Amino acid sequence: MKKFFQKIICIGLGVSMLISLVGCGDKENKKVVLTTGLEKDEVFRIEDVSCRVPEIMVYLTNTQNQYEQVYGDEIWETSVDGVTLEENVKDIVLAKIARIKTLNLMAKENDVTLNDAEMNKVKVAADEYYDSLNETEIKLLDIDKDLITKLYKECALADKVCEYILQDINPEVSDDEARIVTVEHIYMKTYTLNGSGEKVPYTDTMKQKVYDEMSDVLELAQSGEQSFKSLMEEYSEAEINTISFGKGEVDKAFEETAFNMETNELSGIVEGEDGYYIIKCINTFDKEETDANKLKIMEERREEAFYEEYENFVSTLARDLNEKLWKDIEFIHDDQVTTSNFFTIYDKYFTTTE
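Residues numbered from 1 in each chain as written. Predicted model: local features only at pLDDT ≥ 70, side-chain atom pairs only at ≥ 80, totals over all residues. Heavy atoms only, no water.

Undergrad: Even after reading the chapter, I still don't get the overall build of the protein, so can you show me in this structure?
TA: Scanning the protein from N- to C-terminus turns up 14 helices and twelve strands. Counting across all 354 residues of the protein, residues that qualify as buried make up 44%. Within the structure as shown, the protein displays about 19200 Å² of accessible surface, and the carbon and sulfur contribution to it stands at 46%. (Helix = DSSP H or I, 4+ residues; strand = E, 2+ residues; numbered from the N terminus. Buried < 20%, exposed > 50% of the residue type's maximum accessible area, 1.4 Å probe, protein only. Areas by Shrake-Rupley, 256 points an atom, 1.4 Å probe, with all protein chains shown as cover.)

Undergrad: Just to check I follow, could you spell out the pattern of salt bridges for this structure?
TA: Pairing is possible between side chains that carry opposite charge, provided their charged atoms lie close to one another. A complete count under the given rule lists 21 salt bridges for this structure. Of the charged contacts, one joins Lys199 and Asp274 as a salt bridge, the two residues approaching to 2.8 Å between their closest N and O atoms. Here the residue Lys199 occupies a position in strand S8 (residues 199-201), and Asp274 occupies one in the loop between strand S10 (266-271) and strand S11 (275-283), the gap between them amounting to 75 residues. Taking relative accessible area as the criterion, Lys199 reaches 47% and is therefore assigned partly exposed. Look at Asp274 and you get partly exposed, because its relative accessible area is 24%. One salt-bridge network, in which partners are shared between bridges, spans Glu55, Lys101, Lys150 and Glu154. (Salt bridge = Lys/Arg side-chain N within 4 Å of Asp/Glu carboxyl O.)

Undergrad: So what exactly am I meant to see when it comes to the packing of helix H5 (residues 116-131) against helix H14 (residues 342-350) here?
TA: Two quantities define a packed helix pair, namely the angle between the axes and the distance from one axis to the other. At a minimum axis separation of 10 Å, H5 and H14 run at an interaxial angle of 150°. It follows from the interaxial angle that H5 and H14 lie roughly antiparallel. In the crossing of H5 with H14, the sense of the turn from one axis to the other is right-handed. Contact with H5, carried on its side by Glu118, Lys121, Val122, Val124, Ala125, Glu128 and Tyr129, involves Phe342, Ile345, Lys348, Tyr349 and Phe350 of H14 and no other residues of that element. By residue class, the composition of the contact of H5 with H14 is eight nonpolar, no polar and four charged. (Axes fitted to C-alpha atoms, helices over the stretch in contact; angles between N-to-C directions. Parallel < 35°, antiparallel > 145°, perpendicular 65-115°, else oblique. Left-handed = near helix turned anticlockwise from the far one by under 90°. Contact = heavy atoms within 4.5 Å. Nonpolar A, V, L, I, M, F, W, Y, C, P; charged D, E, K, R; others polar.)

Below you can see the structure in the form of structure tokens.
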């Protein structure tokens, strides 16, 4: 659950919502308005929920200082395809806040609120963060304790509505869907790499030579003259010769063969996309790994279901961005402004390890 909340709230908004905030995208499905009726310091509005400059600056400055603590302030000179890192981080921050605001609207839609204990944690967290600020930071960020309390409340409510929606999403995953098998294999490739590192398939004549060599190896494996392990060490071109995997994780021909083998069974020569294989099945059903994979698949399906519900909700919302104001917002470069613990303090009080 912790990782999912981090993904939903902290990584970013998602392309569709971010694009619509800057006034592009499919306008037939999204109600998008640009700089209409926004107040002077209002960066954006989603329905009746707005985001103002001081809110942006708390997120932006904390993110900026986290980067600088790791990479130094020279990092902002970096650019890719004409886009500076500062511009990129600004977009991430915009996306993050817009997602939290949207999740708060979802909370309202679902009658999800914070209880007294949760509100008390919000206030304690706000006190701790605000008390960590110096006068210069408070002045340049243009904030007070009430604003910090509001931001932490929004984060907590976003977390809670995620949990509320996810609790009713419980997809079933069968043992067969999640089954993990373990095999040993000998692999010989049927391609080479050109100067650009791209794969170039062997000619039919070269492939036949590889096949003939694999036939000889298969005969040795079947005869028992050499152990399969020694044959792998001598002939296989695979980086790892013993692997455990589930469905959809390896070459299709390799998967189909392995999943239809019995323990200790030896395959014939299997032609994959990039080479030939000889497979020996070690375990047709790894219970521990299968159970773990089942949980992984369940979480993936829960996330997919959540995102679908989220995107459907987003598509109904009117959004309004003050594009000029957003472009004018810049990082604060002041030796007295070093605050970077806004997110750490939130995690301290609200992020669980379940």
